[in-house]
Amino acid sequence: MAKDEEFTEFEKNEELSEYERAVKEAGYDTSKYYVNLPTVVIAGRPNVGKSTLFNRFMHRRLAIVDPTPGVTRDPVEAMAFIMGKPVHLVDTGGYKLDRDPTSRESEMDELVVQKTVATIKTADKILLLLESGVITGEDEEFIHLLRPYWNRLIVAVNKCEGGKGEGVSWNYLQYGFKELVFISADHGDHITDLAKKIVDGLDFSKVEEGEKPADPIRIAILGKPNTGKSTLSNRLTHSEKSIVSDYAGTTRDVVEGKFSYAGRNFEIMDTAGIRRKKKVHENVEYYSVNRAIKTLDKCDVVFLMIDAQEGLADQDKKICSLAYERGRGIIFVLNKWDTQEQSKKTLRSTVDYIKTMFGHMNWAPILPLSALHGEGIKDLLNKAIELYEQLTRRVETSALNKALSDWLFHYPPPASKAIHFKIRYMTQTSTNPVAFRIFCTSPDNVPESYVTYLKNSIRKDLGFDQIPVDVYLKPSRKRWEERTVSNEKLEVRS
């Protein structure tokens, strides 16, 4: 499969019809929102197929899958319907035993293990995933670690497509497991059998249909590696969801978290650091970066993290360009500002430098921050709310055209024998991203400078002064008033 192809849906298998029957019998509506869910954690050593199984239960690719051991680091979690019943499903990082204590990778492995163990402790059921074939030292140590949670354990042996490796895999029973389920997460073999065992014994009595919260303000934290994205994410969510290390490339999956501030709900997406292409060697990192960029399609506001010690990088410009093209709100976050000279002059010179580098985006807010110490967090969130209100603002067409009339009066369109056009009227075509359509005669004759004037007027006078605004020109020979009268006549006739 080509690198840029994204998995969207698992192939149907022969067990799916039974699964569909179970969904109908469960009595839950998969389109609704549920709260107080039991937690199911998928755990095991690296590269046994945990993320593949997680994705299969989700029926879409949320966790990155790659043959490289140790791809998943931060827990990836979501609401899944297993046999038609809602559970809080968590994919964890692999338990890795073989480490070089002198390497930075070993330090990262230890953080992953600590995070996995902490997640297991909160689980209602633990799905231990093993691999068919030879038992490894990592399997043995991890099994020993799980002894205190034995009554919550389900054991599945993966990569047994077509019965492959089942014979030797029965040796796992020597560790005292009551039963094993032989599956293939990749091919779908016996997934329904495993699903039944997962939901069997779980307490669904507390699960209830909740009122789906109002759409949260969705924040994507983007930037090059090691700028403090995960530190900020953890600070905002009051959690340790994202692993924090000065080891570049720590975060791989998009780690999502939720929190509330000033009566507003937020959803935060901590992403992989985006490095220059020539430094992206691993297949895994390619997918991580690709997924980080794809958060721009989901978010409302981007926190572009800039290391105050290192300044701007080329990839910062790339991220800004991508966010601008999608009409997202953008806040330049000067993280680690506590390491800089604390003077207004220093901040002013830094802000001026950024505005010079991003001349076409001098409307974007620039805020100093210390994610580590929590300084500047309130200012950042208040600004995010302000940007979201601008992104979702809609202006009535009548008010728009009154404003347009004023703009045309104060700065009439240039006219000559070579350049001749008339601005008729305008409408707002969308919010978040914010876009306007201006109807005029001979759109090709409208100078770019005049379009810029209209765009700046929209920002200044209509309350869109801190976000991207798109303006499109469309040919029209009718005035707005004439068009309104024509529409009213059509309504009367109909």
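Our structure is the block above this text.
Residues numbered from 1 in each chain as written. Predicted model: local features only at pLDDT ≥ 70, side-chain atom pairs only at ≥ 80, totals over all residues. Heavy atoms only, no water.

Time to look at the pairing of strand E9 (residues 217-223). Among the 7 residues in E9, 6 count as buried, and that is most of the element. In terms of strand pairing, E9 meets strand E12 (residues 301-307) through 5 bridges, oriented parallel. Bridge assignment links Gly223 to a residue of E12, and that residue is Met305. (Buried < 20%, exposed > 50% of the residue type's maximum accessible area, 1.4 Å probe, protein only. Helix = DSSP H or I, 4+ residues; strand = E, 2+ residues; numbered from the N terminus. Pairing = 2+ DSSP bridges.)

This part takes up helix H4 (residues 137-145). Since the α-helix turns once every 3.6 residues, residues separated by three or four places project in the same direction. Along H4, the residues classified as buried are Glu138, Asp139, Phe142 and Ile143. Taken end-on, H4 shows its buried residues confined to a sector of 130 degrees, consistent with a single buried face. (Arc of directions from axis to C-beta.)

Ordered in space as E15-E16-E17, the 3 strands form an open sheet in which the pairing is mixed. Among the strands making up the open sheet, the edge pair consists of strand E15 (423-430) and strand E17 (470-475). Between one strand axis and the next, the sheet turns by 25 degrees as a mean value, whatever way the strands run. Inspection of the sheet shows strand E16 (residues 435-440) paired to E17 by 6 bridges, in the parallel sense. Bridge pairing links Phe436 to Val471 in E17. On top of the sheet, helix H12 (residues 397-410) reaches E15 and E16; it is set at about 135 degrees to E15, its chief contact. (Axes fitted to C-alpha atoms, helices over the stretch in contact; angles between N-to-C directions. Contact = heavy atoms within 4.5 Å.)

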